[in-house]
Amino acid sequence: MHCRHHLPSIVLLVVASSYAHPSLSAAKSDTSFPFTSVTKTSSKMADEPKANTDKGSHQPNHNKNIREIIRLESRGYDIDSPNKVPKRPDYLSWDDYFLAVAYLSAQRSKDPHPSKKCDGACVVDAMGRIVGIGYDGFPRGCSDDCLPWASPAASDAEDMEQELAWLHTREPYLCNAEINAILNKCSTDVVGGRMFVPNFPSNECAKFIIQSGITEIIYVKDDDVDSDSSRASRILFEVAGVKMTKRKPSIASLKISFGVGSPNSETNESIENAKLNEDEMEKYLGLLQREAAIDPFQFKVTKRSDYLSWDEYFMGVAFLSAQRSKDPNTQVGACIVDSNKCIIGIGYNGFPRGCSDAVLPWARNAEHNLHKKYPYVVHAEVNAVLNKCSASVRGATIYVALFPCNECSKVIIQSGIREVVYLHDIYHDTDACRASRIMFKMAGVKLRQYHPEHQEIVIDFES
């Protein structure tokens, strides 16, 4: 069985760490996803109040029993040894992680307006699982090239002193991130869930949020706090009993580094992103002119071309999820996506539910196998399958940083996943990977190595 270490890095620039997240970690286990370089400017990352509360805290009277049980069964491992390798201290807190997913999702939006910060949204259920993600965009099947991206502001009009007609702007057609996240849910419902968003929701989104049963909104800022829309939202939330929490992330920015790619190169994917679908524009020209006097061939404002591709986005979610891992040497994440491009499972490497990160060993090297992390750690791929929010992952695609080991491959095949997208195959010649390839090919699972368009993705919480 191959070991995982020394892969691409994710850099966290930390500006504060005063927030203590409530204990939600029992909702997810750690899973394997590789990052080896983490730099920070403060001495501590905020998450749970105490080091031993992430995977079930143990009071001193319990520790004595656990210590003795582990010592006997592991042939001498002492959980209180001063030489014990501790868990990674700078893992990403739950709230920062959920907000980062929302900010990352916003980079899928085609909205070209630099002054209008594109929104993303992340819905989390009572178990701490992500069950819905969305970003600003037009409804499914409605072409990004045929509908107008112009804003109502005069700056987008030919006559700078005259605003565009409503039907000639994006306003009638745009579906907001909050609504998309709820409609994209992979669970039966979102009742009792929490929603993480960069910006305080509009009144139209507030109505949708309340009706869906979400009980808390966590937002970073409200630039339109005095607008009628924000006032109406606050009234609705207060009357409906939806909690409103303004949350400043404990990190200023976050950089996801794939370690490969050409940041300045124009790939086929970026060229495709920039292209206009003239066939679609021609197809709907008559409809648009008849109903709204719109000619898409005359648009001054078109979709932006630097949005994240699907592959880049899903691999980014996998890399981001890896930063929840407590493994001090290797952090790996996995992201499972269904045929509708909805994320239905996420995982990262770590110990099973209820197994304390402060008790079991994190060492890679030790005199006895039971004193190492390997007998206890669950890999990212397995956790992603077990943490699924849908009834099944059959026919889905899994995104991982590393080519899966044979143990993960068995779970992937048995769960019905049909495609594996991986970034690195550094253990290609190991027996574990050979066994994986044998099983994948026999089972008809498609294997695809991802070649990043860019070296990194930057998430700026202060933008």
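Caption draft 1: Local environment of the overall build of the protein. Within the protein, the secondary structure is distributed over twelve helices and 13 strands. With 463 residues in all, the protein has 53% of them scored as buried. For the protein, the share of sequence-separated contacts (at least 6 apart) that also reach a separation of at least 24 residues comes to 77%. By element, 50% of the accessible surface of the protein is carried by carbon and sulfur atoms, the whole surface being about 20,800 Å².

Caption draft 2: Representation of the sheet that holds strand S4 (residues 194-199) within the structure. With mixed pairing, the five strands of this open sheet are ordered in space as S3-S2-S4-S5-S6. Since the sheet does not close on itself, it has two edges, and those belong to strand S3 (130-135) and strand S6 (243-246), each with one partner. The mean angle between the axes of side-by-side strands here comes to 20°, regardless of whether they run parallel or antiparallel. With four bridges joining them, strand S5 (residues 216-221) and S6 adopt parallel strand pairing. Bridging from a neighbouring strand, Tyr219 pairs with Lys246 of S6. The strands that helix H2 (residues 94-106) touches are strand S2 (120-124), S3, S4 and S5; relative to S4, the one it contacts most, it runs at about 55°.

Caption draft 3: Structural view of the packing of helix H11 (residues 406-415) against helix H12 (residues 431-443). Between H11 and H12, whose axes approach to 8 Å, the crossing angle comes to 15°. It follows that H11 is roughly parallel to H12 by the angle criterion. Between H11 and H12 the crossing geometry is right-handed. In this structure, H11 uses Asn406, Ser409, Lys410, Ile412 and Ile413 to contact H12, whose residues at the interface are Ala432, Ala435, Ser436, Met439, Phe440 and Ala443. Of the residues assigned to the contact of H11 with H12, the class counts are seven nonpolar, three polar and one charged.

Caption draft 4: Examining the pattern of salt bridges more closely. Going through the model one piece at a time under the given rule, you end up with 22 salt bridges. Residues Arg67 and Asp78 are paired through a salt bridge, measuring 2.9 Å at the closest nitrogen-oxygen approach. One end of the pair, Arg67, is in helix H1 (residues 60-73); the other, Asp78, is in the loop between H1 and H2, and eleven residues separate them in sequence.

Caption draft 5: Up close: the packing of aromatic side chains. The final tally for this structure, using the stated rule, is 18 aromatic pairs. Judged by centre distance (5.0 Å) and plane angle (75°), the rings of Tyr103 and Phe461 are edge-to-face. With Tyr103 in helix H2 and Phe461 in the segment after strand S13 (456-460), this pair connects stretches of sequence that are 358 residues apart. Phe461 gets classed as buried once you look at its relative accessible area, which sits at 4%. Plain terms: the ring middles of Trp310 and Phe314 are 5.3 Å apart, the flat faces sit at 15° to each other, and that makes the pair stacked. Taken together, the residues Trp310 and Phe314, both in helix H9 (residues 310-322) and four residues apart, mark about one turn of the helix. Under the relative-accessibility criterion, Phe314 is labelled buried at 1%. Of the aromatic side chains, those joined through ring pairs into one cluster are Tyr135, Trp310, Tyr313, Phe314 and Tyr399. Directly above the aromatic system of Trp94 lies the positively charged group of Arg324, at a separation of 3.8 Å from the ring centroid. Note that Lys326 overlies the ring of Tyr91, its terminal NZ or CZ placed 4.8 Å from the centroid.

Caption draft 6: Looking closely at the sheet that holds strand S9 (residues 343-348). As summarised here, the arrangement of the five strands in space is S9-S8-S10-S11-S12, forming an open sheet in which the pairing is mixed. Edge positions in the open sheet fall to S9 and strand S12 (446-449), since each of these has one partner strand only. Neighbour-to-neighbour, the strand axes of the sheet open up by a mean angle of 20°, direction not taken into account. Sheet topology note: the strand S8 (residues 333-337)/S9 ladder contains five bridges and is antiparallel. Across the sheet, residue Gly333 finds its bridge partner in S9, namely Tyr348.

Caption draft 7: View of H9. An ideal rise of 1.5 Å per residue puts 18 Å on 13 residues; H9 measures up with 19 Å between its terminal C-alpha atoms. Within H9, twelve of the 13 residues are buried, which leaves it mostly tucked inside the rest of the structure. For H9, the set of buried residues is Asp311, Glu312, Tyr313, Phe314, Met315, Gly316, Val317, Ala318, Phe319, Leu320, Ser321 and Ala322.

Caption draft 8: Broad picture of the pairing of strand S10 (residues 397-402). Here S10 lies mainly inside the structure; six of its six residues are buried. For S8 and S10, the ladder comprises four bridges, and the chain directions are antiparallel. Paired with Val337 across the strands is Thr397, a residue of S10. Examined bridge by bridge, S10 and strand S11 (residues 419-424) share five bridges and lie parallel to one another. Within S11, the position partnered with Thr397 by the bridge is Glu419. The β-α-β motif built from S10, the intervening H11 and the parallel element S11 has right-handed crossover chirality.

Thresholds applied
Residues numbered from 1 in each chain as written. Predicted model: local features only at pLDDT ≥ 70, side-chain atom pairs only at ≥ 80, totals over all residues. Heavy atoms only, no water. Helix = DSSP H or I, 4+ residues; strand = E, 2+ residues; numbered from the N terminus. Buried < 20%, exposed > 50% of the residue type's maximum accessible area, 1.4 Å probe, protein only. Contact = heavy atoms within 4.5 Å. Areas by Shrake-Rupley, 256 points an atom, 1.4 Å probe, with all protein chains shown as cover. Pairing = 2+ DSSP bridges. Axes fitted to C-alpha atoms, helices over the stretch in contact; angles between N-to-C directions. Parallel < 35°, antiparallel > 145°, perpendicular 65-115°, else oblique. Left-handed = near helix turned anticlockwise from the far one by under 90°. Nonpolar A, V, L, I, M, F, W, Y, C, P; charged D, E, K, R; others polar. Salt bridge = Lys/Arg side-chain N within 4 Å of Asp/Glu carboxyl O. Phe/Tyr/Trp six-rings, centres within 6.5 Å; stacked < 30°, edge-to-face > 60°. Lys NZ or Arg CZ within 6 Å of the ring centre and 35° of its normal. Expected span 1.5 Å × (residues − 1). Right-handed = clockwise from strand over helix to strand, strands pointing away.

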